[in-house]
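Descriptive structure summary
Spelled out from the first residue to the last, the chains are:
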Amino acid sequence: MSATPTYHVHEAMSTEILLIGPRHTLRQAARLMTQRGVGSAVVHNPETFGIGIITERDILHAIGGGLDADTEPVESHLTHDVVFATPSWTLEQAAEAMTRGGFRHLIVLDADEVVGMISVRDIVRAWTRVPSAA
């Protein structure tokens, strides 16, 4: 029986990142995410140099709670305790961080620069490329 190869975040992450500002509305964020076919966006606040994330789930909860998607800013719905991955993390480390935190996306930083995004879907795709034991 051969050992399962270890994959790293840099091998599975998306480097096409949707970057939006904190004052985009929920509808603008949802439209951009739909156009790009992604489930999250990195939110950069140039005034504070902060980095956050908004996900389709965040938008769903806001709209389901009765908020107006055309006026509500994404900055009111960001994940505040963002966990960042690095490109050298293993996929197991990323999956563990997601499971512990109860989220499906991680922003990938390299020397404080956003270089990618990794999602549960990315991890599953990478793991399904592993040859089956036959």
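Please read all numbers here as calculations on a predicted model, not as lab measurements. (Residues numbered from 1 in each chain as written. Predicted model: local features only at pLDDT ≥ 70, side-chain atom pairs only at ≥ 80, totals over all residues. Heavy atoms only, no water.)

**Examining the nonpolar core**
Ranked by size, the top nonpolar core spans 15 residues in total, and within it V9, L91, L106, V108, I118 and I123 carry the most contacts. If you list the elements that add at least two residues to this core, you get helix 1 (9–12), helix 4 (91–101), strand 5 (105–110) and helix 5 (120–128). Among the elements that line this core, the one with the most residues is helix 4, at five residues. For V108, the residues in contact, after removing those within four places along its chain, are V9, M13, A85, T86, P87, E113, V114, V115, G116, M117 and I118. Listed in part, the 13 residues of the second largest apolar core include I54, I59, V74 and L78. (Core = buried A, V, L, I, M, F, W, Y, C linked by side-chain atoms within 4.5 Å. Buried < 20%, exposed > 50% of the residue type's maximum accessible area, 1.4 Å probe, protein only. Helix = DSSP H or I, 4+ residues; strand = E, 2+ residues; numbered from the N terminus. Contact = heavy atoms within 4.5 Å.)

**Quick look at the sheet that holds strand 5**
The strands that make up a sheet pair up through hydrogen bonds in the backbone, lying either parallel or antiparallel. One open sheet holds the three strands; their spatial order is 4-5-6, and the pairing between them is mixed. At either end of the open sheet lies a strand with only one pairing partner, and these are strand 4 (84–85) and strand 6 (113–119). The pairing of strand 4 with strand 5 spans two bridges and is classified as parallel. When the bridges of strand 5 are listed, A85 appears paired with V108. Running at roughly 130° to strand 5, helix 4 makes contact with strand 5 and strand 6 of the sheet. (Pairing = 2+ DSSP bridges. Axes fitted to C-alpha atoms, helices over the stretch in contact; angles between N-to-C directions.)

**Points about helix 2 (residues 26–36)**
If you check which residues of helix 2 are buried, you get L26, A29 and M33. Looking straight down helix 2, one finds that the buried residues subtend no more than 65° of arc, so they occupy a single side. Pointing more than 90 degrees away from the buried face of helix 2 are the exposed residues T34 and Q35. (Arc of directions from axis to C-beta.)

**Overview of the sheet that holds strand 1 (residues 19–20)**
Across the sheet, which stays open at both edges, the three strands sit in the order 1-2-3 with mixed pairing between neighbours. One side of each edge strand has no neighbouring strand; the edge strands of this open sheet are strand 1 and strand 3 (50–55). With two bridges joining them, strand 1 and strand 2 (residues 40–45) adopt parallel strand pairing. Bridged to I20 within strand 2 is V43.

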